[in-house]
Every structure is written in C-alpha cells, then in structure tokens.
Amino acid sequence: MSEEVNKTVYSEDYDDGFADFFEKIKSNSQYDSEKIKSAYDLAHDAHKNQRRRSGEPYIMHPVAVAKILFQLGMDNECIISALLHDVVEDTQYTIDDIKERFGAEVALLVDGVTKLGQISLSTREEVQSENIRKMFIAMNEDVRVIIIKLCDRLHNMRTLEHMPEYKQKEKSLETLEIYAPIAHRLGIRPIKEELEDLAIYYLDPIAYREIEKNLSMKKEQGEKFLSETKSEISDRITSLMKNAEITSRVKSVHGIFRKVYIKGKNFEQIFDIYAVRIIVDSVIDCYNALGIVHDMYKPLPGRFKDYISMPKPNMYQSLHTTVLSKSGVPFEVQIRTWEMHRTAEYGIAAHWKYKLGKGSKDNIDSHLEWIHRMVEAGNDIESPEELVTTIKGNLSIDEVYVFTPRGDVKCLPKGATIIDFAYAIHSEVGNKMIGAKVNGKIVNLDYKVKTGEIAEILTSNQPGKGPSRDWLNIVTTGEARSKIRSWFKKEKREENIQRGKSDIDREFKRNFIRLDSENYDKFITKIAERQHCSTADDFYAAIGYGGIAISRLMPGIKDEYNRNWKPKDDILPKPSDVSNVRNVKNETKSTDGIIVEGIDNCLIKIARCCSPIPGEEIIGFINRGTGLTIHRRGCANVPVDISLSPEPQRWVNAHWDSSAKIEAISTLDVYAIDRDGVVLDITAKMANSHVKIHSINARPINDGNCRTTMTITVNSKEHLDSIEKTLRKIDSVYHIERSTD
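Our next topic: the overall build of the protein chain. Tallying secondary structure elements over the protein chain gives 29 helices and 22 strands in all. Here the protein chain displays about 35900 Å² of accessible surface, and carbon together with sulfur accounts for 47% of that area.

A few words on the pattern of salt bridges. What the rule picks out here adds up to 28 salt bridges. The partner of E174 in a salt bridge is R153, and the shortest N-O contact between them spans 2.8 Å. Highlighted residues: E174 in helix 10 (residues 165-185) and R153 in helix 9 (residues 144-158), separated in sequence by 21 residues. R153 shares its class with E174; the two are buried. When the shortest N-O distance is used, the salt bridge between R249 and E332 registers 3.5 Å. Placement of the pair is R249 in strand 3 (residues 245-250) and E332 in strand 7 (residues 330-337), with a sequence separation of 83 residues.

Under the defined criterion, the tally for this structure stands at 17 aromatic pairs. Between the aromatic rings of Y297 and F331, the centroid separation amounts to 5.3 Å while the plane-to-plane angle is 85°, which identifies the pairing as edge-to-face. With a gap of 34 residues between them, Y297 in the loop between helix 15 (283-296) and strand 5 (298-306) and F331 in strand 7 connect regions that are remote in the sequence. The exposure classification of Y297 matches that of F331, with both residues buried. Summarising the aromatic geometry, the rings of F523 and W565 are spaced 5.2 Å apart at their centres and angled 55° between planes, so their arrangement reads as tilted. On the criterion of sequence distance, the pair formed by F523 in helix 25 (residues 517-530) and W565 in helix 27 (residues 550-565) is long-range, its members being 42 residues apart. For the residue pair F523 and W565, the accessibility class agrees, reading buried in each case. Positioned over the ring face of Y307 is K312, at 4.8 Å from the centre of the ring. Stacked on the ring of Y316, the Lys or Arg K312 has its end atom at 5.3 Å from the ring centre.

This part covers helix 2 (residues 33-46). Its 14 residues give helix 2 an end-to-end C-alpha distance of 20 Å, which sits within 8% of 20 Å, the value for a rise of 1.5 Å per residue. When helix 2 is considered as a whole, its buried residues turn out to be I36, A39, Y40, L42, A43, H44 and A46. Buried positions along helix 2 lie against helix 1 (18-26), helix 3 (60-72), helix 4 (76-84), helix 5 (87-90) and helix 6 (95-102).

Ordered by their spatial adjacency, four strands build an open sheet running 20-21-19-22, and the pairing between neighbours is antiparallel. Of all strands in the sheet, those with a lone pairing partner are strand 20 (693-700) and strand 22 (733-739), marking the two edges. Each neighbouring strand pair of the sheet contributes to a mean axis angle of 20°, computed without reference to strand direction. Here strand 20 runs beside strand 21 (residues 705-714); their pairing, made up of seven bridges, is antiparallel. Each bridged residue has a counterpart across the sheet, and for S695 the counterpart in strand 21 is T711.

Here we take up the side chain of T404. Relative to the helices and strands, T404 resides in the loop between strand 8 (399-403) and strand 9 (409-413). Exposure remark for T404: the relative accessible area of 8% places this residue in the buried category.

In this section: the sheet that holds strand 11 (residues 441-443). In a beta sheet, neighbouring strands are held together by backbone hydrogen bonds and run either parallel or antiparallel to one another. Here we have three strands laid out as an open sheet, ordered 11-10-12, and antiparallel in their pairing. Edge positions in the open sheet fall to strand 11 and strand 12 (455-459), since each of these has one partner strand only. This sheet shows a mean twist of 35° between the axes of neighbouring strands, independent of strand direction. In this sheet, strand 11 lies alongside strand 10 (residues 433-438) in antiparallel orientation, the contact comprising three bridges. Its bridge partner lying in strand 11, K437 is registered against I442. Contacting strand 10 and strand 12, helix 21 (residues 418-425) crosses the sheet at an angle of about 80° to strand 12.

Quick look at the environment of L83 now. Relative to the assigned elements, L83 resides in helix 4. Between the C-alpha atom of L83 and that of D41, which follows or precedes it by 42 residues, the distance is 9.4 Å. Excluding residues within four positions of it along the chain, L83 makes contact with F18, I36, A39, Y40, A43, P62, V63 and A66.

As a further point, take the confidence of the model for the protein chain. A residue-level look at the protein chain finds 82% of positions with pLDDT of 70 or above and a mean pLDDT of 80. Confidence, expressed as mean pLDDT per element, reaches its minimum in the protein chain at strand 1 (residues 6-7) with 33 and its maximum at helix 15 with 94. Between residues 1-13, whose pLDDT stays under 50, and residues either more than four places distant or in other chains, the model counts 46 contacts. Within the model, the stretch residues 354-363 combines pLDDT values under 50 with 16 contacts to residues more than four positions away or in other chains.

The next subject is the packing of helix 21 against helix 23 (residues 478-491). Between helix 21 and helix 23, the shortest axis-to-axis distance is 9 Å and the interhelical angle comes to 75°. If you check the angle between helix 21 and helix 23, you find them roughly perpendicular. Facing helix 21, whose interface residues are D420, Y423 and A424, helix 23 presents E479, A480, K483 and I484.

A few words now on a nonpolar patch on the surface. A cluster of nonpolar side chains, contributed by I673, I701 and Y734, occupies part of the molecular surface with about 250 Å² of accessible area. Tracing the backbone through its elements, the reader meets I701 in the loop between strand 20 and strand 21. Given a relative accessible area of 31%, I701 falls into the partly exposed group.

Attention now goes to unusual backbone geometry. What is expected of a backbone is that most residues other than glycine have negative phi and most peptide bonds are trans. Phi at H532 is positive, roughly 65°, even though this residue is not glycine. Inspection of the secondary structure assignment puts H532 in the loop between helix 25 and helix 26 (536-545). The exposure class assigned to H532 is exposed, which follows from its relative accessible area of 74%. Positive phi values are uncommon outside glycine, yet H690 reaches one of about 60°. Tracing the backbone through its elements, the reader meets H690 in the loop between helix 28 (678-688) and strand 20. H690 sits in the exposed class, given a relative accessible area of 74%.

On to the packing of helix 1 against helix 2, then. Across the interface, helix 1 lies against helix 2 with an axial gap of 10 Å and an inter-helix angle of 160°. Viewed along their axes, helix 1 and helix 2 adopt a mutual orientation that is roughly antiparallel. The way helix 1 lies across helix 2 gives a crossing that is right-handed. Contacts from F18, F22, I25 and K26 of helix 1 reach helix 2 at S33, I36, K37 and Y40.

This paragraph deals with the nonpolar core. If you look at the biggest cluster of nonpolar residues, it comprises 64 residues, and the most contacted ones within it are L84 and L150. The element contributing the most residues to this core is helix 9, with eight residues. The contact partners of L150, leaving out residues within four places of it in the chain, are Y179, I182, A183, L186, I188, I191 and L195. Counting 48 residues, the second largest nonpolar core, distinct from the first, contains V400, I418, F539 and Y540.

Rules used in this analysis
- Residues numbered from 1 in each chain as written.
- Predicted model: local features only at pLDDT ≥ 70, side-chain atom pairs only at ≥ 80, totals over all residues.
- Heavy atoms only, no water.
- Helix = DSSP H or I, 4+ residues; strand = E, 2+ residues; numbered from the N terminus.
- Areas by Shrake-Rupley, 256 points an atom, 1.4 Å probe, with all protein chains shown as cover.
- Salt bridge = Lys/Arg side-chain N within 4 Å of Asp/Glu carboxyl O.
- Buried < 20%, exposed > 50% of the residue type's maximum accessible area, 1.4 Å probe, protein only.
- Phe/Tyr/Trp six-rings, centres within 6.5 Å; stacked < 30°, edge-to-face > 60°.
- Lys NZ or Arg CZ within 6 Å of the ring centre and 35° of its normal.
- Expected span 1.5 Å × (residues − 1).
- Contact = heavy atoms within 4.5 Å.
- Pairing = 2+ DSSP bridges.
- Axes fitted to C-alpha atoms, helices over the stretch in contact; angles between N-to-C directions.
- pLDDT = per-residue confidence, 0-100.
- Parallel < 35°, antiparallel > 145°, perpendicular 65-115°, else oblique.
- Patch = residues over 30% accessible without salt bridge, like charges linked within 9 Å, V, L, I, M, F, W, Y side chains within 5 Å.
- Left-handed = near helix turned anticlockwise from the far one by under 90°.
- Core = buried A, V, L, I, M, F, W, Y, C linked by side-chain atoms within 4.5 Å.

Structure, rendered in structure tokens:
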C-alpha cells in the first residue's frame, strides 16, 4: 500500500481494467453502478500522480481488489470501499470526506482497512500490533472489513516480485501467520490457499520449487489417475443420485510443505495429494455416497472425519475419508451437499454471494464469536509483541475438538492445555478450577487435550480461591491468558503493585540504573505514560499481573536513562584498596583499546565466558596477581547488584576506547536446514563481506538441521550485527546466536 507508492506522471490512456469490470457491474442488479463509478472517479483522481513499484498506475491496485471482491460476490459497499481503501492513507482525502459522499457504512469499512501509518510508534512490533488491534476491532463491528483486507493482501502478494527481498519475506511471513489463518477461520478456501502458496514461494523458494518439481513429475500419471477414478465413482453415484457432480483437486503447495518440511513426512507418505469431491443434493445422499465409496475402495483406518455432524468453527461441513484405489494409490474423498460446497468455497462471503444482501446477521454473528473473544483478549495486553504472538497462536490452523460431559464441543488450537479448555467453557470455570479429568481419569494441569476426548473440570467455591500465576506459563491461548490476568488485575491490585515494584527494582539494579527518590518517581512516571498507564501504580500493577513485561522494556528504559537521567558521578567503587594492582592513578588511559577507570598499564584479558566486543557495555574484575578480566555487563558471571557481591571493590567501570582501532574475536553458531551447499554459501557470504574466518565447523543436528560454528574477527558490535544480517539472507538459515565458552 503506502510503501509501494512513487510519485510520477499518470498516463490517461493506460488501461486499468475498470471499463470491462464496470460492464459486469452494470449487468448485475445487486450493485449501484452510479455510486461505484463515482467511487472509481474519486480514487482515479486521488491516485492520479502515484505509481506502484512495478511502474503501473496506482489505481490498478484498488481496481484489482474490487474485482476479487466481485468474484466473491460481496455487496455494493464492499466494492466501493475497495476502490477507496487507500485514498485516506495515501492522499489528501479524509474519512469525513468519504462519509459525506458515500455514507457512514462505507466510511467504517474504509477506516477499518486503513493502516495506522500516520501514528508515531517506536517499534515495528508496535506498528504491527496496533494495525492488527484496529483491524480486529473493526472486524468486530463489521466482518466485511477483513474480507476487503484479505483481498487487498492477496493482490499485494500477487505483485510482490516488485518489492525488495527483505520486504518480500516480511510481508510473506505476516501473510502466513496472520492473514491466511484469518481466511481459514472465515472459510474462504481459495484466498487462504493462494495466500499460503505465495508466501511459501518467497519464504522458501527452494522447497517451493522442489514440491512443484515433484508434482510436475507426477502430473501426467496424476491426471490420468484422477480421470479414471472420477469416471469409476461417477458411474456408480450418478446412476443412483440425481444432480450429483464429481470433481477432483491436487493438494496445494503449502499443504504439502506443512506435511513434508514441518511434520517431517516423505512425499510418498502424504495420502491426500489427490482428492475426489462428490457434491450431492442432501445430507442423506452424503452418507449414502460414503457407503458406495467404501464399497468400491478399501478405507484406510483412522482416516475418516465427519465434519457434517461436527462442523468446523469456520462453518465447513463435509465427510472426509481416505481410501486405497485398486492400483494401490491412496486418495481422499470429500462428500458434501451443494450448500455445504458454497460455504466451503466462500465461507462467510457465501452469505453475500448467495443471499443478495448481508444475509442473516444473527447467523453470521454466531460464527464470528472468535473475533469477539480475540478483541476481549487483546484489551488486556499492553505489550505489542505479546499481542501479535497471542493473535498468531489463536489463529492457529491446527485445531482440536474436545467434548464437555454434556456433549458440547469446544474448539481449541492444537497444543492447548486442560486450563485453556476450562477458560473456553467460562471464565468462572477457569478461575475456580482445582483439577480435571479426561476420559474419567485425573490429569495434570499442563495436560494437552486431544480431539475426541471428554474433559471434566473440577471446581471449588472456596472463598479466595483463584488461578495461580504459574498458569500463565502453562496456557497457550490468548483467551485463557487474558482471563487469568483479568482476575489478578481485579482481585490482587495491591499485591500486583508490590510485585511490580520488586520486578522494576531488580531490573534497575541489574542494569545499573541508580536514581534518587525524586528523579526515580519522575522517571517511572515518564515510562508509565509511554505505556499508556494513568499513574505509576497502574504501571506497577500491570507489571505485577503480567500485562507488561518489564524485561522487554529495559533496552528502551536503559537508553533513556543513559541519555537523560544518568548522574555524572555514577561510577562504581574504586579499587584503590586492592593489592597486587599497580599504577593506580586518577586519570585513565587506554590499554589494549579499553579504558579502565582509575587504572593504567594493567594486564587486561577478555573473559571467555561472554567474549565482549567493541561497542558493548563492559565491566572489569580485578584478579589477584593476574590483572584485570573484562566482562560484558550482562554476563551471567557479573552480579546483578555489585554492591551486594562478596568483594564489590574488585569490580571497576570500564569502556571501549572509541579512538582506538580494535579487532576482536567472536564465535557464531549458524543454524540452518541441512542441504547441499549450505556451508559453502556461508563461507562465500563471509568472503564477499571481507570477514576473516579463523575456524569453521559444520555438523548435523536433529530433524534434518545443521549447525555451523565459526570463529571470526570483528571490529564492533555494529560490524557483528551486519554480519548476522548478511547470514540471515542465506536460504535455509533460520537462527544465529553467539557462542561462548
């Protein structure tokens, strides 16, 4: 969107595709063609001097998004909003202008889709979390917001080749973790699968090409197999059922990717690469068709799923069975009615496509309860990083279905615990929980529930009984975590304040932040305001109940302290009374590129436990008879509070001499998917960056991964960061960390 805009001259005769699209609009009585043309004219004028990175006029993008929505059968307001969705973000027009010209409904949709580019936020995580938070709030008001957003993201992904590589990967990861799962939750299968495939194309092009190659090699035999199988099934089904249709499909690239590269299966172990779909008139016909298929082919044990009697949360209904063909090839058969098929293809959008309007709002709302729950969970999360993590977890495509003793079904993300299940029933059930049974047997509170299990929550009405703080480390869903924190926030405020103060004091001592009482209060108030807390006590309480993670704020707090609050005389005790260290002076001079306060010409060595490098905060420790050892400030061997250490006088302030040219040794562990040439790629990148390698060792580890350990020369923390950034660009590299002895 806005990052794709370049100012240039617009060519009036450029075909943006609207003319042909408008003819289809005029031929459909569902749409107000005059209003849609008016919206196009406004967007055309607003974007007239803008181009996308591809060089195309920017108006191509909103027109393309409107076309996708038209194909989904979305209503008049959606088409208009799609044409205008970037006008407020990228041009001089405001939401009020949109509201005055096209009404409040269109203005709401446009505002919901508009990103928060104008708001000043400090980190990328804050920007992303605020965008997502606003999007879910808008979805809560009108689900059409996210349908427009999905179509917007789909067209951006289709044209992603024009973006820089880092943007391709950034957008693709966000698409895979946020937008594709939302499309899945809404049941819009074609958009979900295309988003996933496009994301994998940019995130792991090698795997994508390998899957395509495997599919291509089997294309001819696959097409022949599906054709023959469809013909066999059609001969039996159509003679018994009227209006039945037999179709086929090949599994999406991302679907294969998840099973091969994430679940570790071989290509030959995927039983649903090929699938045949049987569409019939009634539910009775579905089960009759299932019997015919099982009579024709041998069903594989444990591979039958009845989503008709137990629909998925996204309204998907179908019978799934995997059978073995007469030639020994396994394939999946999906059996559904025509109405189920429309819902499976279009999900929530089917309410607009097939009901010529907004459909039954009550029926729609019943399937969107998850949006309401996610908004509620997000309201109690102050940390932007945690909000994004929570939403990603809640949008997990892998789900489990667990029964209550009364037969109600609760859908949870795969990996959810029995505590998550308790809070999914009701917040009071979770808060009063003292134990649980699964299939009649007592289980631990960290037990992970599985599909088909019957879970019973044991509760207590004892006064003062409530959840444990340890549960926050056990639960996996944002809903459960939010409800636990809400309980502590409401019931234990004074305890939270004291706990928060204690956590801050500990972190301040660990990071050498020292302030007198007056400046301390001012400093804390400033931090609290930045975290949108009204008072310092609100800030302490938020830390105490887990709403804010103080450890995540510390880099920014420490930077603020060093720049604006650190006392000039804030130095550690001088080691003047320590024997075996000679030449103690008031002035300081550089020794081997390190300046030690109060010491000159002392033997200095670098601690192997943390291997500090120029640019990092350091501290010295006086060793009796052997000189001084330099540690990183955050080293595990450096006490959090020097004054409480056994011999505080042996710790001395030190820093790197900025005027000296220093080279240091650092060791990196580079983790990657094990493939031919990965070590060669690493050494080539280092050679191209003129990095001196002292040693390198590569070895396989678990699950098809490998670790390459190399010792290199660096001249600063910035230099090391640059090297790590270069290494992350290598295909299959997924993690880098510094190695210490």
